[in-house]
Amino acid sequence: MIFKKLYKNYWEFGFKSYLYDLLTPSAYFASLKSVTENVNVSSKNIILDVGCGTGQAIKLLRSDIKSGMRYIGLDLLKTGLDRTKSKASSFGIRNNTFCIQADFSKGIPIKIVSVDCIICHFALYVICDNSLRINLMTELFEVLKPGGTFIIANPSKSYDPKSIIQESARLDMCSNNAFNEIIRKHVVNPLAKQLGLNYIFSQLKNGHWKWFSLEEMVDEVTQAGFKVLSTKEVYGQSGYLVMARKP
Ligand SMILES: C[S@@+](CC[C@H](N)C(=O)[O-])C[C@H]1O[C@@H](n2cnc3c(N)ncnc32)[C@H](O)[C@@H]1O
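Now for a quick tour of the structure. What you are looking at is a predicted structure, and each value in this text was computed from that prediction instead of being measured. (Residues numbered from 1 in each chain as written. Predicted model: local features only at pLDDT ≥ 70, side-chain atom pairs only at ≥ 80, totals over all residues.)

### Here's the deal with the overall build of the chain
At step 1: Along the backbone of the chain there are nine helices and seven strands.
At step 2: Whereas a compact globule of 247 residues would reach a radius of gyration of roughly 18 Å, the chain reaches 17 Å, a difference of no more than 12%.
At step 3: Relative to its full complement of 247 residues, the chain shows a buried share of 45%.
At step 4: Within the chain, contacts between residues at least 6 apart in sequence are counted, and of these 76% link residues at least 24 apart. (Helix = DSSP H or I, 4+ residues; strand = E, 2+ residues; numbered from the N terminus. Rg over C-alpha atoms; globule rule 2.2 N^0.38 Å. Buried ≥ 20, exposed ≤ 12 C-beta atoms within 10 Å, placed from the backbone. Contact = placed C-beta atoms within 7 Å.)

### Section: the packing of helix α3 (residues 26-36) against helix α7 (residues 161-173)
At step 1: Direction vectors running N to C along α3 and α7 enclose 80 degrees, while the axes themselves pass 7 Å from each other. Comparing the axis directions of α3 and α7 gives the class roughly perpendicular. For the pair α3 and α7, contact is made by Ser 26, Ala 27 and Ala 30 and by Ile 164, Glu 167, Ser 168, Leu 171 and Asp 172, respectively.
At step 2: Here the contact of α3 with α7 is composed, by residue class, of four nonpolar, two polar and two charged. (Axes fitted to C-alpha atoms, helices over the stretch in contact; angles between N-to-C directions. Parallel < 35°, antiparallel > 145°, perpendicular 65-115°, else oblique. Nonpolar A, V, L, I, M, F, W, Y, C, P; charged D, E, K, R; others polar.)

### Some remarks on the site of the ligand
At step 1: In the vicinity of the ligand there are 17 residues, among which Gly 51, Gly 53, Leu 76, Phe 104 and His 121 approach most closely.
At step 2: Here the residues of the shell around the ligand are counted per class, giving nine nonpolar, six polar and two charged. (Near = placed C-beta within 6 Å.)

### Thoughts on the sheet that holds strand β4 (residues 115-121)
At step 1: Reading across the sheet, the seven strands line up as β3-β2-β1-β4-β5-β7-β6 and stay open at both edges, with mixed pairing between neighbours. Every other strand in the sheet has two partners, leaving β3 (97-101) and β6 (227-234) as the edge strands with one partner each. The mean inter-strand angle of the sheet, taken between neighbouring strand axes irrespective of direction, is 15 degrees.
At step 2: When β6 meets strand β7 (residues 239-245), the two strands line up antiparallel, connected through seven bridges. (Pairing = 2+ DSSP bridges.)

### Here we look at α7
At step 1: Given a rise of 1.5 Å per residue, 13 residues ought to cover 18 Å, and the 18 Å separating the end C-alpha atoms of α7 matches this to within 8%.
At step 2: Along α7, the positions that sit buried rather than exposed are Pro 161, Ile 164, Ile 165, Glu 167, Ser 168 and Asp 172. Buried positions in α7, seen along its axis, are confined to an arc of 165 degrees and lie on one side of it. (Expected span 1.5 Å × (residues − 1). Arc of directions from axis to C-beta.)

### Comments concerning the environment of Leu 76
At step 1: Assignment of secondary structure puts Leu 76 in the loop between β2 (70-75) and α5 (78-90).
At step 2: Placed 24 residues apart in sequence, Leu 76 and Ile 100 show a C-alpha to C-alpha distance of 8.4 Å.

### Details of the packing of α3 against helix α4 (residues 57-66)
Packed helix pairs are specified by the crossing angle of their axes together with the interaxial distance, meaning the distance between the axes.
At step 1: The contact between α3 and α4 brings their axes to 9 Å, and the two run at 35 degrees. The interaxial crossing formed by α3 with α4 has right-handed handedness. For the pair formed by α3 and α4, the contact residues are Leu 32, Lys 33 and Thr 36 on the first element and Ala 57, Leu 60 and Leu 61 on the second. (Left-handed = near helix turned anticlockwise from the far one by under 90°.)

### Here's the deal with helix α8 (residues 178-205)
At step 1: Over its 28 residues, α8 runs only 36 Å from end to end, short of the ideal 40 Å by more than 12%, given 1.5 Å per residue.
At step 2: Of all the bends in α8, the greatest, near 50 degrees, is centred on Arg 184.
At step 3: All of the buried residues in α8 are Arg 184, Asn 189, Ala 192, Gly 196, Leu 197, Ile 200, Phe 201, Gln 203 and Leu 204.
At step 4: Tucked into the core, α8 has its buried residues touching β5 (144-155) and α7. (Bend = angle between axes of the 7 residues up to and from the residue.)

### Notes on the environment of Thr 36
At step 1: Relative to the elements of secondary structure, Thr 36 occurs in helix α3.
At step 2: By the C-beta count within 10 Å, which is 21 here, Thr 36 ends up buried.
At step 3: C-alpha of Thr 36 to C-alpha of Gly 207: the two residues are 171 residues apart in sequence and 29 Å apart in space.
At step 4: In this view, Thr 36 contacts Ala 57, Leu 60 and Leu 61; residues no more than four positions away in its chain are not counted.

### Let's talk about the pairing of β3
At step 1: In the sheet, β2 pairs with β3 via five bridges, with the strands oriented parallel. For Asp 75, the partnering residue across the bridge sits in β3 and is Gln 101.

The structure is reproduced here in structure tokens:
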């Protein structure tokens, strides 16, 4: 309970202060991109983002949402959902963006067989009880339409803040923007490491949050009923992405 309160405040502070968005390491954004690239895009489709935070995914999906795809962001925190809504307004996609405030550990308040794609980018790992997490994924399985896509990313057992920052620095160098590279190298990345990544590492190491082997992730996704299609190492070798389908 105390840990739930602590991490709630951790994200609450990050969302309210804008630090969560400002300090997102490039490697995290690249991992999110690997998720959104696999979304089955169609103007008729509905995508559910479980633990959507500040709705960073809509930055990457905005043209598809503009073309008619509907996005539902679900999160525990109103502050994150408020940021999601204001992002959607600034991209001109507010009409197709819906937000639901809910605690996913208590169930998913969405009609069964109603969405075409579900993404969970670094969200379900906060549930460290294995059966609770698998039950939640089984519920997500119910919510998805047959043939729908399920994409999940979680921290791996080799989660390492240093590797995340190194990978981010490599990506920043490729941005061909010297100013951006300097700011990220000397301000953003060190702060992200101190304020975010090290905290997450300690939560994972102490067992308050869950880190995974690839086999564990594949096994859980399969137990929930999905057919695993592919897997990928993401986030500077600090996370795994599993892409699956509801048969
Ligand atoms: C690491 S953030 C990831 C946010 C987003 N998916 C992204 O990639 O930017 C984890 C998110 O899970 C949300 N979360 C944690 N526990 C939750 C719960 N029990 N129910 C709903 N959302 C929860 C947090 O509020 C936070 O927004």
